[in-house]
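Each chain, letter by letter, is given below.
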Amino acid sequence: MTALSVRNLAKTFTMHLRGGISLPVVDNVTFDVAPGECVVLGGPSGAGKSSILKMVYGNYGVDRGAVLIAHDGALVDLASADPRTVLTLRRDAIGYVSQFLRTVPRVSAIDVVAEPLVVRGVDKAEARGRAGELLARLNLPERLWELPPATFSGGEQQRVNIARGFITHHPVLLLDEPTASLDAANRAVVVGMIAQKKREGVAMLGIFHDEEVRAEVADRIVDVTDFAPKVAA
Amino acid sequence: MSDEPLLKVSNLTKYYGSRLGCADVNFELYPGEVLAIVGESGSGKTTLLNTLSANLEPTSGEALYRMRDESWRNIYELSEAERRFLTRTDWGFVHQNPADGLRMTVSAGANVGERLMAVGDRHYGRIRDTALDWLGRVEIAADRIDDQPRSFSGGMRQRLQIARNLVTGPRLVFMDEPTGGLDVSVQARLLDLLRQLVGELGLSAIVVTHDLAVARLLSHRMMVMKGGHVIEAGLTDRVLDDPREPYTQLLVSSILQV
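Our subject in this report is the structure included herewith.

Conventions used here
- Throughout this document, residue positions are counted from 1 along each chain, in the order its sequence is written.
- For this description, chains carry letters from A and ligands carry numbers from 1, given in the order in which they are written.
- Where totals are concerned, whole chains, interfaces and linings use all residues; where local detail is concerned, this predicted model gives features only for residues with pLDDT of at least 70, and gives and counts side-chain atom pairs only at 80 or more.
- Water and hydrogen atoms play no part in the side-chain values, which are based on all heavy atoms of the structure.
- Note: two strands are recorded as paired if DSSP finds a minimum of 2 bridges between them.
- Numbered from the N terminus, helices here are DSSP runs of H or I no shorter than four residues, and strands are runs of E no shorter than two.
- Only the stretch in contact is used when fitting a helix axis, every axis being a line fitted to C-alpha atoms; angles between N-to-C directions are given from 0 to 180 degrees.
- Exposure categories follow from relative accessible area, calculated using a 1.4 Å probe and restricted to protein chains: below 20% of the type maximum is buried, above 50% is exposed, and the middle band is partly exposed.
- Only heavy atoms enter the contact rule, under which two residues are in contact if any of them lie within 4.5 Å.
- The term buried area means the drop in 1.4 Å probe accessible area that two parts suffer when joined, counted for both and summed.
- Salt bridges are counted wherever a side-chain nitrogen of Lys or Arg sits within 4 Å of a carboxyl oxygen of Asp or Glu.
- For the purposes of these results, a polar contact is taken to be a pair of N or O atoms within 3.5 Å, where, inside protein, one atom must be able to donate a hydrogen and its partner to accept one; residues adjacent in sequence count only when each atom of the pair is a side-chain atom.

1. Here's the deal with the sheet that holds strand S10 (residues 229-235) of chain B
Residues and elements named next belong to chain B. Taking strand neighbours across the sheet as the criterion, the 6 strands line up as S6-S7-S8-S3-S9-S10 in an open arrangement whose pairing is mixed. Strands with a single pairing partner mark the edges of an open sheet, and in this sheet they are strand S6 (91-94) and S10. Here the strands of the sheet are splayed against their neighbours by 15° on average, with no regard to which way each runs. When S6 meets strand S7 (residues 172-176), the two strands line up parallel, connected through 4 bridges.

Set out below in structure tokens:
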């Protein structure tokens with residue numbers, strides 16, 4: 001059984017403002033992620049790890065291939081789905097913890113974290129309660145909770161972002177360097193949260209540059225350099 | 001999100017004489033969905049919005065709207081009375097310049113109450129209470145209810161225009177550069193408010209903007225227009241993160257970083 005199945009994905013960027021040059025990024029990307037497993041994308045910077053994550057979430061279009069996600073007892077191809085289906089999959093099936101928080105003016109940190117639950121119909125007070133638990137676990141000082149995170153430090157913003165990504169129960173979760181700006185204590189908290197998601201059966205696909213963290217969370221490493229496009233002669 | 005669209009637009013085309021406004025526009029809008037139309041001035045986005053909102057007659061094509069009684073009607077074939085009812089109750093239109101959407105010489109309360117009276121509410125006390133409630137929701141102090149919008153700041157006027165539009169519980173709201181003429185700090189507040197209200201009320205909205213940040217924050221989907229044609233469309237973050245068309249790439253790369 002797989003929760004996420006990536007099949008023969010290919011991506012080339014065409015830079016129209018640079019005379020239409022083509023930048024092949026990846027080709028034939030194929031791997032599966034099972035429930036309760038954390039697969040880490042490995043390879044040097046520029047190999048296409050982030051691009052793969054963005055294709056899986058639908059932020060990047062694909063030239064070929066499929067991103068199959070288990071939803072309602074069937075496998076749905078997110079790569080070819082219409083925008084509404086992608087939004088439904090993002091609501092119910094696949095979550096994403098991005099590297100940087102996209103702050104919304106005026107919205108407090110605790111509401112930023114609670115929002116994914118509120119839009120799923122959870123009572124606001126209950127959602128804020130759960131948000132507070134996560135922020136406390138991530139050691140974000142309580143005096144910051146009611147402030148908009150725009151002025152927070154990089155590490156503080158990242159913890160808000162992690163809490164927001166982890167508050168829902170998506171069966172598939174994408175992690176884009178969630179520990180990049182964190183100190184050792186908070187890295188350990190995130191490692192613990194990932195372990196908990198595994199026990200809950202969540203399939204995770206992530207990028208971790210920190211070797212210690214990677215060694216602790218990865219069940220398997222997929223080497224992205226295997227998907228390097230063959231340069232046409 | 002519901003499984004049936006609210007609006008189905010096919011082959012919508014508008015010429016001004018021999019000059020093209022917009023051509024061959026096709027899309028469906030679902031309940032709760034926010035669609036952004038972006039493009040530079042002259043791209044046809046405002047023509048499209050005015051045609052969709054039945055302020056302009058199209059040259060060809062149709063726009064089918066699912067009425068509250070679940071019947072599908074081509075909005076260009078409605079009688080004048082039916083169309084007026086739609087634009088006064090089930091639809092809202094937020095203009096870039098609040099003076100175009102407000103009556104500047106009647107009180108704030110009357111601006112909100114007027115739309116309620118248009119749908120037949122005659123109970124003065126109840127109208128005033130509803131107006132007060134809406135002024136609160138758009139963050140206008142209750143003691144300004146008897147003041148004319150002439151004495152309001154630009155941001156307050158825009159919030160009042162939004163209250164006036166939303167008081168009748170519309171299902172579809174058209175917005176033309178809703179944050180256009182405002183200071184950046186005021187824009188942020190208005191955007192946050194719009195985002196909240198659209199989410200809470202489950203509104204469908206079509207928002208014309210040249211500001212990609214507004215599109216990113218408010219919309220689920222977007223259409224990029226150039227020379228009267230939709231040149232690229234899709235999920236908002238896909239279009240902005242992975243623009244395909246030369247013009248879209250130019251738009252996205254032209255955003256100033258701060």
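2. Considering the environment of A:Pro148
Residue and element names in this part refer to chain A. Checked against the element boundaries, Pro-148 lands in the loop between helix H4 (124-137) and helix H5 (154-166). Overall, Pro-148 belongs to the partly exposed group, its relative accessible area being 31%. For the pair formed by Pro-148 and Val-104, sequence separation is 44 residues and the distance between their alpha carbons is 7.9 Å. Every residue in contact with Pro-148, bar those within four places of it in the chain, is listed here: Arg-106, Val-107, Ser-108 and Ala-109.

3. Concerning the interface of chain B and chain A
At the interface, 27 residues of chain B touch 23 residues of chain A. For the pairing of chain B and chain A, the buried interface totals around 2100 Å² over both sides, and the portion due to carbon and sulfur atoms is 53%. The interface formed by chain B and chain A contains 6 salt bridges. The salt bridge involving A:Lys11 is made with B:Asp242; its shortest N-O contact spans 2.5 Å. Remark: the boundary between chain B and chain A carries 10 residue pairs in polar contact (both at pLDDT 80 or more). Looking at the side of chain B that touches chain A, the elements that each hand over two or more residues are helix H7 (184-201), helix H8 (212-218), S10, helix H9 (236-241) and helix H10 (246-253) of chain B.

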